[in-house]
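# An overview of the molecular structure
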Amino acid sequence: MPTPVLATCRCSCFGARARLESLPALPAATSRALMPDLLRAFALIGIAVVNVSGFAVPAADGFYRGGLETGADQIAFKAMAALFLMKSYPLFAMMFGAGLAWQMDAATRQAADGGARYFRRMAALVLLGTVHFVFFWYGDILLTYGLLGCLLFTLRGASAKALLQIGISLITLNTLILFLLAAVIGAGDAYAPEEMAKARDPEIDAAQVQIFTSGSFMDAAAWRLSQLPLVLPGILIQQGIAVFGYFCLGLAAVKAGIVDQPNAPVWKLARWVFLPVGMLGSLWAANLMARAETIISGEYMLANAVMMAFSAFSALGYAGVIVLAAKGSPGPIRRFLARAGSASLTAYLLQSLILSFIFAGYGLGLFGQMPAAEAIFIALCVGITSLLFTGIWRSFAARGPLEVLLRRVTYWGRA
């Protein structure tokens, strides 16, 4: 039942709060912390395998219309959902929130206007996200991050305690909204089946299918642009509230001085308690999700709500493991992955470029032709490829190409 799950989440997190707040603030790091970049590298793999359905199959179908027929498809889908769904974006969101503290600290040390820098960065993300949405991927997160990042600025002076309370409350609220949506759609199935059937009409997807199988690059861009007013509010309602909550948790972690501190009590709790709870709950949600017949169903939305409730545990558990992996002198593999993760913007956009080319009609034209197992495997390869590219690039350059562009806007021409 949802209420015990959420109550457990709140109690566990508030129990960790006392330990978190008791830690002294750390002095400014003399070099770039390894943990955030390793975390981003791990999350990039998850981003690719979760996002692939949006590139490979119609939006309102997912893999439910013929993509989950074999045992391999079921296993791949469940593994994707249990390991990465609603877990990769919280990791990115936490580091995004942490970034506000690091940017303001850098501005203070340089006697610069931190607010002006920050808002130039958010404006660049909004613009870049809009371009990304229209030309490559209608599930873009940069636009959402840029908009919500402006709101986060108002909390830059809040204490770690206040940020933790806000973060937990917002993640809980977003989870409750998903349970409410599940109840509403379930009621629609029970009391207004004809109206619900209209919402599931395959003709609704006809335009997207036609465009992404035989349309040009600009046809696809025009379709995505037409979806922007519809998709963005849905993202903000269904995930944006939790995203802002994770922003707050990341900012709280920096203020409490526990980033890159594997022995902090909160990270030990995350590794030994949150992670197993989160993975068991996520596996349960993944099985519920695989049994749904369509995305527009009460069963699917219930699985989504359960997934969000447990993914908060999983994401913090992953972070606890990664901060431990970042401990000590890094070897060549960790250094490479950290370099790749430090260019996460480039890697994220590269994934969209490759996946859109593979599946869209103006590329290889594989849209709607792959079951879940094949599409998820391809996405895994694309995720790894994006990390290899950025890791190799960063072996020869100080920053990724798009990171240079973003810094030029942030620092007004200086990269």
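Scroll up for the structure.
Residues numbered from 1 in each chain as written. Predicted model: local features only at pLDDT ≥ 70, side-chain atom pairs only at ≥ 80, totals over all residues. Heavy atoms only, no water.

### A word on the overall build of the protein chain
For the protein chain, the count of helices and strands is 16 helices and 0 strands. Within the protein chain, the proportion of its 415 residues that are buried is 52%. Counting only carbon and sulfur atoms, one obtains 68% of the accessible surface of the protein chain, whose full area is about 17,700 Å². (Helix = DSSP H or I, 4+ residues; strand = E, 2+ residues; numbered from the N terminus. Buried < 20%, exposed > 50% of the residue type's maximum accessible area, 1.4 Å probe, protein only. Areas by Shrake-Rupley, 256 points an atom, 1.4 Å probe, with all protein chains shown as cover.)

### Observations regarding unusual backbone geometry
With phi around 60 degrees, Met86 is a residue other than glycine that occupies positive phi space. When you line up the elements, Met86 lands in the loop between α3 (71–83) and α4 (88–109). Despite not being glycine, Asp260 has its phi angle at roughly 70 degrees, a positive value. Note that Asp260 resides in the loop between α10 (217–256) and α11 (265–291).

### Thoughts on the pattern of salt bridges
Applying the stated criterion to the full structure yields 3 salt bridges. For Asp105, the salt bridge goes to Arg109, with nearest N and O atoms at 3.1 Å. In this pair, Asp105 and Arg109 both sit in helix α4, 4 residues apart, roughly one turn of the helix. The class of Asp105 is partly exposed, set by a relative accessible area of 35%. Relative accessible area serves as the criterion here: at 57%, Arg109 is assigned to the exposed category. (Salt bridge = Lys/Arg side-chain N within 4 Å of Asp/Glu carboxyl O.)

### Points about helix α16 (residues 401–410)
Of all the residues in α16, the buried ones are Glu403, Leu406, Arg407 and Thr410. Projected onto a plane normal to the axis of α16, the buried residues spread over an arc of 100 degrees and lie on a single side. Along its buried surface, α16 packs onto α5 (114–135), α13 (332–342) and α14 (344–359). (Arc of directions from axis to C-beta. Contact = heavy atoms within 4.5 Å.)

### Side note on the packing of α14 against α16
Taken N-terminus to C-terminus, the directions of α14 and α16 make an angle of 120 degrees; their axes are 6 Å apart at the nearest point. It follows from the interaxial angle that α14 and α16 lie oblique. Handedness of the α14/α16 crossing: right-handed. Across the interface between the two elements, Ser344, Leu345, Thr346 and Leu349 from α14 touch Pro401, Leu402, Glu403 and Leu406 from α16. (Axes fitted to C-alpha atoms, helices over the stretch in contact; angles between N-to-C directions. Parallel < 35°, antiparallel > 145°, perpendicular 65-115°, else oblique. Left-handed = near helix turned anticlockwise from the far one by under 90°.)

### Concerning the packing of aromatic side chains
If you walk through the whole model with that rule in mind, you get 24 aromatic pairs. Taking 4.5 Å as the distance between ring centres and 20 degrees as the angle between the ring planes, the aromatic pair formed by Phe55 and Trp137 counts as stacked. Of this pair, Phe55 sits in helix α2 (residues 34–56) while Trp137 sits in the loop between α5 and α6 (142–152), and the two are 82 residues apart along the sequence. Of the two residues examined, Phe55 and Trp137, each falls in the buried class. (Phe/Tyr/Trp six-rings, centres within 6.5 Å; stacked < 30°, edge-to-face > 60°.)

### A few points about the packing of α2 against α14
Running from amino to carboxyl end, α2 crosses α14 at an angle of 25 degrees, the nearest separation of the two axes being 10 Å. With respect to their mutual orientation, α2 and α14 come out roughly parallel. In this structure, the crossing between α2 and α14 has a hand that is right-handed. Counted together, Arg40, Leu44, Ile47, Ala48, Asn51, Val52, Phe55 and Ala56 of α2 and Ser344, Ala347, Tyr348, Gln351, Ser352, Leu355, Ser356 and Phe359 of α14 form the full contact between these two elements. Class assignment of the residues belonging to the contact of α2 with α14 gives a composition of 10 nonpolar, 5 polar and 1 charged. (Nonpolar A, V, L, I, M, F, W, Y, C, P; charged D, E, K, R; others polar.)

### Regarding α11
Here α11 spans 38 Å end to end across 27 residues, near enough to the 39 Å set by a 1.5 Å rise per residue. Along α11, the helix axis deviates most sharply at Phe274, where the bend reaches about 40 degrees; the proline Pro276 sits within four residues downstream. (Expected span 1.5 Å × (residues − 1). Bend = angle between axes of the 7 residues up to and from the residue.)

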